[in-house]
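Next come the chains, spelled out residue by residue.
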Amino acid sequence: MTKKLRIIPVILVICMSLFIVMTGCVDKREIEKPTFDFDGLGSAPPESILEGITPLDESKITLSEKESSDMEILDSASYIFRIANNNMQIVPYYASYAAGSGVADIKFGISVRGSMELKQILIADGKEWYYLDAGEIVNVESVSGSGKQTDINYMLSVVRPALDYATRYYTPDGKTFYYQSGSSNCFKNKPRSMTNFFDPYTFNWNKVTDKWTKKFNFEEYMDYSNMRYSNRDLTAMDIRGEFLESASVKDNGEYYTASMTVKIDSEAMDLNKKNLNASGNRELSYKYQTLTIEVWKSGLIRRYYTTNGWEGIVVTSLNIKGSSDNNYDQYFSYDKTLINKLKMPPKDVLDDFFKACDEVAAK
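Sequence order sets the numbering: in each chain, residues are counted from 1 along the sequence as written. In keeping with the model being predicted, local features are shown solely for residues with a pLDDT of at least 70 and side-chain atom pairs are shown and tallied solely at 80 or more, while totals for entire chains, interfaces and linings include all residues. Hydrogens and water are ignored here; the side-chain numbers use all heavy atoms of the structure.

**With respect to the pattern of salt bridges**
Any carboxyl oxygen of Asp or Glu within 4 Å of a side-chain nitrogen of Lys or Arg constitutes a salt bridge here. The full count for this structure, using the stated rule, is 14 salt bridges. Two residues, Arg 240 and Glu 242, come together in a salt bridge whose shortest N-O distance is 4.0 Å. In this structure, Lys 287 and Asp 325 form a salt bridge, with 3.3 Å as the shortest nitrogen-oxygen distance. Residue Lys 287 is located in strand S11 (residues 283-296), and its partner Asp 325 is located in strand S13 (residues 320-333); the two are separated by 38 residues in the primary sequence. Among the charged side chains, a network of salt bridges with common partners joins Glu 294, Arg 302, Arg 303 and Asp 329. By the criteria applied, helices consist of DSSP H or I runs no shorter than four residues and strands consist of E runs no shorter than two, each listed in order from the N terminus.

Take a look at the structure:
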């Protein structure tokens, strides 16, 4: 699925609240250094899962240690991506975990900077598929003209209810999709953090409003999520050689590493741009977009790492300007016998999910 770890939303709430909230204090929390040494993440896929999987054809790959704009290198990088994405559509099982962070700067009389921590899991088992991601504001600062940063973390109690979020999707059969997305009222643990992210009971989905509780068929899901081919896509970006600025391709023995800089004015970014300005009342554009993938020679992806940045007018009616820089790191596992944390939700959690979505759909 496309990277739904959210770009930090408009921090208008921070700017407005600076003038009305000067009491209370919430300690900031450092963004956790991500670890991926569990559940077989990043380990080679077992032979038993490779039936029908298309391996990489080494004759179609030209290596380059350095970033190059040579079309042969660009096509090699895009070929590796295409094979990996195609194989994701048919591989019988995978589980992945992603961690990321973002920093957004907003200018509204003063300059304010907010930092967010992001986490995501994806699990596919046959037609059954589950997606969960969440984000939490961990630090708020004011930034002077000279660049000096000053903590204003008394604002955390204001911005967290507005900007913390949790989102989940589930389909039992690839035909019917269930969806919920809630704000910080989904977080049960106080003070809010994502240290219990893998616990299926961490989030209180009963707090999600009807507006953010939906039931889709496949076509409705694709339209709502802005995916390109299916819910199993690695990204909404259309990665082709002609849409790349530069790339490098390295042979690491068991897998290839392809690093790409995407042309932000190309068709590769059309769905990403649609997502970026989806809420309206904003005029944002990408500053840059990079992508690094590690793909096993068997054709399955090992790691997906991306960075991007955007800038522009975040609230057109008030001419508030802003920018953001974000990163995202994701590893994959294909061996069920190694899985401990990355599991489908238990039956009672799914039953509550179905009930909420069915009730809204019936209205």
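That shown, we press on.
**Quick look at helix H6 (residues 347-361)**
In an α-helix there are 3.6 residues to a turn, and that puts residues three or four apart on one side. A helix's residues, less one, multiplied by 1.5 Å, set its expected span. With 15 residues, H6 should reach 21 Å at 1.5 Å per residue; the first-to-last C-alpha distance of 21 Å fits that figure. Note on exposure labels: buried denotes an accessible area under 20% of the residue type's maximum, exposed denotes more than 50%, and partly exposed covers the range between, all computed with a 1.4 Å probe on protein chains only. Taken as a whole, H6 has its buried residues at Val 349, Leu 350, Phe 353, Cys 357 and Val 360. Down the axis of H6, the buried set is contained in an arc of 95°. They therefore lie on one face. For H6, exposure combined with an orientation more than 90 degrees from the buried face picks out Lys 347 and Lys 355. Working rule for contacts: check all heavy atoms of both residues, and any pair within 4.5 Å makes them a contact. Where the residues of H6 are buried, they touch strand S6 (165-171), strand S7 (176-183) and strand S8 (213-217). By construction, the arc corresponds to the directions joining the helix axis to the C-beta atoms.

**A closer look at the pairing of S6**
The buried fraction of S6 is high, at seven of seven residues. Where burial is concerned, the two faces of S6 agree: the one with Tyr 165, Thr 167, Tyr 169 and Thr 171 and the one with Ala 166, Arg 168 and Tyr 170 are both buried. Pairing analysis gives six bridges linking S6 to S7, with the strands arranged antiparallel. Each residue of the ladder has a partner; that of Thr 167, found in S7, is Ser 181. Between S6 and S7, which pair antiparallel in sequence order, lie four residues; one of them, Gly 174, sits at a positive phi of approximately 75°. Any two strands between which DSSP finds at least two bridges are classified as paired.

**Quick look at the environment of Phe 198**
If you trace the backbone, Phe 198 turns up in the loop between S7 and S8. Exposure remark for Phe 198: the relative accessible area of 23% places this residue in the partly exposed category. Separated by 79 residues in the primary sequence, Phe 198 and Lys 119 place their C-alpha atoms 9.9 Å from one another. Look past the residues within four positions of Phe 198 in its chain and what remains in contact with it is Phe 38, Tyr 97, Ile 121, Lys 341 and Leu 342.

**Some points on the side chain of Ser 64**
Relative to the helices and strands, Ser 64 is located in strand S1 (residues 64-68). Judged by its relative accessible area of 15%, Ser 64 is buried. Within the local environment of Ser 64, its side chain forms a polar contact with the backbone oxygen of Lys 66, the two atoms lying 2.7 Å apart. Residue contacts for Ser 64: discarding those within four places in its chain leaves Ile 73, Ser 248, Val 249 and Lys 250. Whenever two N or O atoms come within 3.5 Å, that pair is a polar contact, provided that in protein one can donate a hydrogen and the other can accept it, and provided that, for residues adjacent in sequence, both atoms are side-chain atoms.

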